[in-house]
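Given next are the chains, with one letter for each unit.
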Amino acid sequence: MKLSELATFLSDANFDASVSDDPEIKGVAPLDSAQSGDITFLNSDKYLSQLATTQASAVILDLKTACALPCIRTKNPRLAFAQVLNLFYQPIKLPVGIHSTAILGLGVVVGKNVAIAPYVVIGDGVVIGDDVSIFAHTVIYPQVKIGDRTVIHSNSVIREYTEIGQDCLIYSSSVIGGDGFGFELDRGSWYKIPQTGYVKLGDRVEIGNLTAIDRPAMGFTDIGAGTKIDNLVQIGHGVKTGNHCMIVSQVGLAGGAVLGDYVVLAGQVGVGDRAVIENGAIVGAKSGVISHVEAGTKVMGYPSVPEREWKRNTIAQSKLPDLIKTIHKLEKQVAELESKLNKEV
Amino acid sequence: MKLSELATFLSDANFDASVSDDPEIKGVAPLDSAQSGDITFLNSDKYLSQLATTQASAVILDLKTACALPCIRTKNPRLAFAQVLNLFYQPIKLPVGIHSTAILGLGVVVGKNVAIAPYVVIGDGVVIGDDVSIFAHTVIYPQVKIGDRTVIHSNSVIREYTEIGQDCLIYSSSVIGGDGFGFELDRGSWYKIPQTGYVKLGDRVEIGNLTAIDRPAMGFTDIGAGTKIDNLVQIGHGVKTGNHCMIVSQVGLAGGAVLGDYVVLAGQVGVGDRAVIENGAIVGAKSGVISHVEAGTKVMGYPSVPEREWKRNTIAQSKLPDLIKTIHKLEKQVAELESKLNKEV
Amino acid sequence: MKLSELATFLSDANFDASVSDDPEIKGVAPLDSAQSGDITFLNSDKYLSQLATTQASAVILDLKTACALPCIRTKNPRLAFAQVLNLFYQPIKLPVGIHSTAILGLGVVVGKNVAIAPYVVIGDGVVIGDDVSIFAHTVIYPQVKIGDRTVIHSNSVIREYTEIGQDCLIYSSSVIGGDGFGFELDRGSWYKIPQTGYVKLGDRVEIGNLTAIDRPAMGFTDIGAGTKIDNLVQIGHGVKTGNHCMIVSQVGLAGGAVLGDYVVLAGQVGVGDRAVIENGAIVGAKSGVISHVEAGTKVMGYPSVPEREWKRNTIAQSKLPDLIKTIHKLEKQVAELESKLNKEV
């Protein structure tokens, strides 16, 4: 594909006609390992020196940076590069059809062009949309609904009554719809609160590997459309997330936590039960939200505070041991001053 | 079922005869979504306003709160509600019998009324009690013992020699009895310490999804009866927990940690190797216990301190940047005082 | 086996000829539970009193400690003990051969003496070395390479193009080679950056249960030879670890983090994206590394600082509430001094 042609597939990106050359693009690679025929990208001035030496035949870069190579220009080179990668990349695909070792329960409804791999087990009453792919060893409990074009990777478990939207991606060994963790003490023992609810994933939700999303005692756990969840995440019973949230690895949301739209939770964050995080808020890595984060703010620490405050506090804390010395010195000076003054009087 | 009849199934709860009506109860729902025929519950004064407007036919509530609807009264409405939910809820059940695709090793002993789902693999010498259910794709390594009425959900792995008590619930994709993480440096490489022990779960233990419980080099890892463990928890080699502990999601216990009875570890807590947490202690979310927590106390922070102290320290830390200014001002004032006094002298 | 004979199998350990007895060793046990015929070990003076009362027939101990029992002496009794345990321990083994229920894709190459258990699914073009064992229900996606003598336990998922070295141990339910978590906002939605790379594990790498190692957008995630990874760990896309690293349970490494050789990350540590931790550095439990740790240092806290500093800061912080009182007292004293002095003037 010619570079100028490739540019037409990208969102908000243009072939830079100021360089007369329009090379044939055969592959994609980073600046430092690209070869002739490859397209590469420059995302940060940090790598500017590599631009002079790259063997790539073309570059995706921002609107301003000078460049002697043929290039595509865009506000977001990383996005354009991802789109180019997609043009060249063939993700793994299952052959359409139901493998002879798959076991389907009573009343299972399967759409068109569905691929069901070896040893998949599907419970009674499950409804599967068109163009769905289910990789080997996935277990789907009864009465689950799966929307069109959703892909579920190997060894995942989808518990009963889960509703999965269209175009979702569920990676390996995740458990969607397990029992929420709810108990009450009854004469010295923990009495299990039955978890009669279910989990609902909106369209275009992505769930990483080894992630758990629990169902609640009543009602449903609700993951908004377009929300992306990484590996080893815990989503407690009855959590509601807005649309287009970004939940990074090893985050834990306790029962009943509520996220607005476009909330970002960085790695290892904890969110307390019934805590509320408003639209567009960002919680920095390893932070803990106990009750509330305002829309559009970035918070850090545990308990979480605005990022600027956290940084200020962190710097102040590192000065604390020296401050203690200063204070002891002051105490001594003041005592001396008092004694001097008293003597004089 | 009549409301008065329903009350007889609950522990320490009574039909309130002061309201003459005794409605037929057909379902269970929260205050705000309950319909005619439903029973609901009020657990906190926070939702008192919803009591006036609920469409429910009956309410479970505490001993004092005034209520015009037919009601059941109890000290713990949440517990009574859980018990009512249980009366109406049908958890997913496997058909009794061994599925033709299940593979059983040599000398496997299977009790009465056992349900073994498709593609379960069971190693040599495993002993399975009565009324046990094992969901699809579970793998049980050799010489495991499973007590009566225990349920194991899909994709779990039970490693060799594990002993599981009666009435246990093991959710999906957990790994019980994996190798503990022990190594010694030997001429520049990590030499694996063989993990020859096993894991023992007491009766009525519950293990969440995606949780790992490791076996030790020698002896056994011991989970006390009635202890409940959430999702994505790590229990290191040789850990001992008492009875009725509550271990919330993403907690990690390092090797040899010891918990008393009724210990509660909130989400994302870390417990150091050989640390000891005594009976009834509570460790707040995200805290880290390095060595010891006294019985009946609640601790927070890392290293963990009594909760009151943690709160006091947290407030103090937020004041620190301003304190630094105060101290610098004091230094200046004291210097001025000293210079004045010296001049006078 | 005679004690003197057993000593010859250990590295840098010798039979102590000063005790004339050379007993037959039939088993291995800890000091407090050893019986006649057992060998035990003493690793710390803490257990010295048990040495006098142990029923063991022989002891492994250091070069100095006096001992009336027959013994083997070595600088590292723990290592020698691990080696003795290995002589007596028979780890679980699969029978050589491919089980009739295993499904192999097109062009799969299988080495000599390979054991493939029930319901294993292996994709097209996978290459398996000699003496490899793959336990039940493992799913191996296409084009994976597995080196000689590697063992993979039940329910693990190895994604396409992963390269696994020789003598690796992969425990249950881990996911190696899943998609990295990379997105760019495109007109209000998260556009998935295709993850076209792969994961490479060096020789003798050990991966715990329920651990996720992601592949990157381009290039490969690189786990160095001899590196040991515990349970529930997250290794982000494009991470590079050196050789012989030790990564404890629930650690998370964000995308592009780089570890040198012999780096130790204790439990629940978080490492930021592109952070660099140099050779031999140790990161204490629950700490968070944002950017850089120098070779050979030990750091703690979040953001991480040298351990000594962290301890000093932690102690200082606990004094903070009292310091605030001291400062307020000082303010008052200084104000009084000022007022006195002004009056005098």
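Residues numbered from 1 in each chain as written. Chains lettered and ligands numbered in written order. Predicted model: local features only at pLDDT ≥ 70, side-chain atom pairs only at ≥ 80, totals over all residues. Heavy atoms only, no water.

Chemist: Tell me about the overall build of chain A, residues and numbers included.
Modeler: Check the secondary structure of chain A and you find 4 helices and 38 strands. What you see for chain A is a C-alpha radius of gyration of 28 Å, clearly larger than the 20 Å of a compact globule of 345 residues, by over 25%. Taken along the three principal axes of its C-alpha coordinates, chain A extends 100 × 80 × 30 Å. The 345 residues of chain A split such that 58% are buried. Considering only residue pairs separated by 6 or more positions, chain A has 18% of its internal contacts joining residues 24 or more positions apart. Within the structure as shown, chain A displays about 13700 Å² of accessible surface, and the carbon and sulfur contribution to it stands at 52%. Side-chain charges of chain A comprise 31 positive and 36 negative groups, with the mean position of each set lying 5 Å from the other. (Helix = DSSP H or I, 4+ residues; strand = E, 2+ residues; numbered from the N terminus. Rg over C-alpha atoms; globule rule 2.2 N^0.38 Å. Buried < 20%, exposed > 50% of the residue type's maximum accessible area, 1.4 Å probe, protein only. Contact = heavy atoms within 4.5 Å. Areas by Shrake-Rupley, 256 points an atom, 1.4 Å probe, with all protein chains shown as cover. Lys, Arg positive; Asp, Glu negative; His and termini not counted. Charge placed at Lys NZ, Arg CZ, Asp CG, Glu CD.)

Chemist: Kindly report on the interface of chain C and chain A, identifying the contributing residues and their values.
Modeler: Counting residues at the interface gives 71 residues for chain C and 68 residues for chain A. The contact between chain C and chain A buries some 5600 Å² in all, and 65% of this surface belongs to carbon and sulfur atoms. Looking only at chain C, the three residues that lose the most surface to chain A are Phe181, Trp190 and Met218 of chain C, adding up to 13% of its buried area. Taken together, the connections running from chain C to chain A amount to 2 salt bridges. Among the ionic pairs, lysine 192 of chain C bridges to glutamate 206 of chain A, the shortest N-O distance being 3.4 Å. Mapped by element, the contributors of at least two residues to the side of chain C that touches chain A are β19 (175-179), β20 (183-186), β21 (189-192), β24 (212-215) and α4 (307-344) of chain C. Looking at which element gives the most residues to the side of chain C that touches chain A, the answer is α4 of chain C, with 16 residues. Partitioned by chemical class, the residues of the side of chain C that touches chain A number 34 nonpolar, 22 polar and 15 charged. (Buried area = accessible area lost by both parts, 1.4 Å probe. Salt bridge = Lys/Arg side-chain N within 4 Å of Asp/Glu carboxyl O. Nonpolar A, V, L, I, M, F, W, Y, C, P; charged D, E, K, R; others polar.)

Chemist: Tell me what's going on with the interface of chain B and chain C, and back it up with residues and numbers.
Modeler: Taken together, the contacts link 71 residues of chain B with 68 residues of chain C. Both faces considered, chain B and chain C share a buried interface measuring about 5600 Å² in area, 65% of it formed by carbon and sulfur atoms. Our count for the contact surface shared by chain B and chain C stands at 2 salt bridges. Linking chain B with chain C are 30 residue pairs in polar contact (both at pLDDT 80 or more), by the criterion used here. Of all the elements in the fold, those that place two or more residues in the side of chain B that touches chain C are β19 (175-179), β20 (183-186), β21 (189-192), β24 (212-215) and α4 (307-344) of chain B. (Polar contact = N/O pair within 3.5 Å; in protein donor to acceptor, adjacent residues only side chain to side chain.)

Chemist: How would you summarise the environment of tyrosine 161 of chain B if you had to cite specific residues and measurements?
Modeler: Residue and element names in this part refer to chain B. Positionally, tyrosine 161 belongs in the loop between β16 (157-158) and β17 (163-164). It is 57 Å that separates the C-alpha atoms of tyrosine 161 and proline 321, two residues lying 160 residues apart in sequence. If we ignore the near neighbours within four places in the chain, the residues touching tyrosine 161 are Pro142, Gln143, Val144, Tyr198 and Val199.

Chemist: Now, about the packing of aromatic side chains: what can you tell me, with residues and values included?
Modeler: Considering all chains together, one arrives at 18 aromatic pairs over all chains under this definition. For the pair phenylalanine 41 of chain B and phenylalanine 81 of chain B, a centre-to-centre distance of 4.1 Å together with 15° between the ring planes defines the contact as stacked. Here phenylalanine 41 of chain B is found in strand β3 (residues 38-41), whereas its partner phenylalanine 81 of chain B is found in helix α3 (residues 77-88), with 40 residues between them in sequence. A connected cluster of aromatic rings, assembled from ring pairs, spans Tyr119 of chain A, Tyr119 of chain B together with Tyr119 of chain C. The ring of tyrosine 141 of chain A has arginine 159 of chain A lying over it, and the distance from NZ or CZ to the ring centre is 4.7 Å. (Phe/Tyr/Trp six-rings, centres within 6.5 Å; stacked < 30°, edge-to-face > 60°. Lys NZ or Arg CZ within 6 Å of the ring centre and 35° of its normal.)

Chemist: An account of unusual backbone geometry is needed here, citing residue identities and associated values.
Modeler: In the segment running from tyrosine 302 of chain A into proline 303 of chain A, the intervening peptide bond is cis, with an omega of -5°. By the element assignment, proline 303 of chain A lies in the loop between β37 (298-300) and β38 (305-306). Even without glycine at this site, aspartate 12 of chain A takes up a positive phi of about 60°. You can see aspartate 12 of chain A is positioned in the loop between α1 (3-7) and β1 (13-15). With a relative accessible area of 58%, aspartate 12 of chain A lands in the exposed category. In this model, aspartate 167 of chain C sits at a positive phi of 60°, which is unusual for a non-glycine residue. On the secondary structure map, aspartate 167 of chain C appears in the loop between β17 (163-164) and β18 (169-170). Given a relative accessible area of 32%, aspartate 167 of chain C falls into the partly exposed group.

Chemist: Can you break down a nonpolar patch on the surface residue by residue, with the values?
Modeler: All names here are of chain A. On the surface, Met1, Phe9, Leu87 and Phe88 cluster together to form a nonpolar patch covering roughly 340 Å² of accessible area. Examined against the element boundaries, methionine 1 turns out to sit in the segment before α1. Exposure remark for methionine 1: the relative accessible area of 30% places this residue in the partly exposed category. (Patch = residues over 30% accessible without salt bridge, like charges linked within 9 Å, V, L, I, M, F, W, Y side chains within 5 Å.)

Chemist: How would you summarise the relation of the copies chain C and chain A if you had to cite specific residues and measurements?
Modeler: A rotation about some axis, followed by a shift along it, carries one copy of the chain onto the other. After a rotation of 120° and a shift along the axis of 0.0 Å, chain C superposes on chain A with an RMSD of 0.1 Å. The superposition operator between the copies reduces to a three-fold rotation axis. (Least-squares fit on C-alpha atoms with pLDDT ≥ 70 in both.)

Chemist: Tell me about the state of the cysteines, residues and numbers included.
Modeler: All names here are of chain A. This structure, assessed with the given rule, holds 0 disulfides over all chains. No disulfide involves cysteine 168; its sulfur sits 14 Å from that of cysteine 245, the nearest cysteine. Assessed through its relative accessible area of 1%, cysteine 168 is described here as buried. By relative accessible area, cysteine 245 is classed as buried at 0%. (Disulfide = S-S within 2.5 Å.)

Chemist: Can you lay out the sheet that holds strand β33 (residues 276-277) of chain B for me, pointing to particular residues and giving the numbers?
Modeler: Strand-to-strand pairing in sheets goes through backbone hydrogen bonds, with the strands running parallel or antiparallel. Residues and elements named next belong to chain B. Ordered by their spatial adjacency, 3 strands build an open sheet running β30-β33-β36, and the pairing between neighbours is parallel. Looking at the sheet topology across the chains shown, the edges are occupied by β30 (258-259) and β36 (292-293). Taken together, the 2 bridges between β30 and β33 define a ladder with parallel strand orientation. Bridge pairing links valine 258 to valine 276 in β33. (Pairing = 2+ DSSP bridges.)

Chemist: Run through the nonpolar core, naming residues and quoting values.
Modeler: Grouped together as the largest cluster of nonpolar side chains are 180 residues, with contacts concentrated most on Leu265 of chain A, Leu265 of chain B together with Leu265 of chain C. The contact partners of leucine 265 of chain A, leaving out residues within four places of it in the chain, are Met246, Ile247, Val248, Val251, Leu253, Leu259, Val271, Ile277 and Val283 of chain A. Formed by 27 residues, the second largest nonpolar core is a distinct cluster that contains Leu337 of chain A together with Ala316, Leu330 and Leu341 of chain B. (Core = buried A, V, L, I, M, F, W, Y, C linked by side-chain atoms within 4.5 Å.)

Chemist: Please give an account of helix α3 (residues 77-88) of chain A that cites residues and values.
Modeler: For α3 of chain A, with 12 residues, the first-to-last C-alpha span of 17 Å sits near the 16 Å given by 1.5 Å per residue. The complete set of buried residues in α3 of chain A reads Pro77, Leu79, Ala80, Phe81, Ala82, Gln83, Val84 and Leu85 of chain A. (Expected span 1.5 Å × (residues − 1).)

Chemist: Talk me through the environment of aspartate 38 of chain C; I want residue IDs and the actual numbers.
Modeler: All names here are of chain C. Mapped onto the secondary structure, aspartate 38 falls in strand β3 (residues 38-41). On a C-alpha basis, the gap between aspartate 38 and valine 28 in space is 5.0 Å, while along the polypeptide they are 10 residues apart. Aspartate 38 has contacts with Gly27, Val28, Ala29, Ala56, Ser57 and Ala58, leaving out every residue within four places of it along the chain. Only 2.8 Å separates the side chain of aspartate 38 from the backbone nitrogen of glutamine 35, close enough to count as a polar contact.

Chemist: Describe in detail the sheet that holds strand β27 (residues 234-235) of chain A, supporting the description with residues and values.
Modeler: All names here are of chain A. With parallel pairing, 10 strands are arranged side by side in an open sheet as β7-β10-β13-β16-β19-β24-β27-β29-β32-β35. This sheet does not close on itself; its edge strands, each paired only once, are β7 (103-104) and β35 (288-289). Note that β27 and strand β29 (residues 252-253) share 2 bridges and pair parallel. Along β29, the bridge assignment pairs glutamine 234 with glycine 252.

Chemist: Outline the pattern of salt bridges, listing residues and values.
Modeler: Residues and elements named next belong to chain B. Counted by the stated rule, this structure contains 36 salt bridges over all chains. One salt bridge connects arginine 159 with aspartate 179, and the closest N-O pair in it is separated by 3.7 Å. You can see arginine 159 sitting in the loop between β16 and β17 and its partner aspartate 179 sitting in strand β19, a full 20 residues away along the chain. A relative accessible area of 1% places arginine 159 in the buried class.

Chemist: How would you sum up the environment of alanine 275 of chain A? Please name residues and give values.
Modeler: All names here are of chain A. Examined against the element boundaries, alanine 275 turns out to sit in the loop between β32 (270-271) and β33 (276-277). For the pair alanine 275 and alanine 257, spaced 18 residues apart in sequence, the C-alpha to C-alpha distance is 4.8 Å. Those residues within four positions of alanine 275 in sequence are excluded, and the remaining contacts are Gly256, Ala257, Val258, Val289, Ile290 and Ser291.

Chemist: How would you sum up the pairing of strand β21 (residues 189-192) of chain A? Please name residues and give values.
Modeler: All names here are of chain A. Bridging between strand β20 (residues 183-186) and β21 involves 4 bridges; their strand directions are antiparallel. Within β21, the residue paired with leucine 185 across the bridge is tryptophan 190. Adjacent in sequence and paired antiparallel, β20 and β21 are bridged by 2 residues, among which arginine 187 carries a positive phi angle near 50°.

Chemist: Talk me through the confidence of the model for chain A; I want residue IDs and the actual numbers.
Modeler: Parts of the prediction with low pLDDT should not have their coordinates interpreted in detail. Chain-level pLDDT for chain A is 95 on average; 99% of the residues reach the 70-or-more range. With pTM at 0.96, the complex prediction returns an ipTM value of 0.95. (pLDDT = per-residue confidence, 0-100.)

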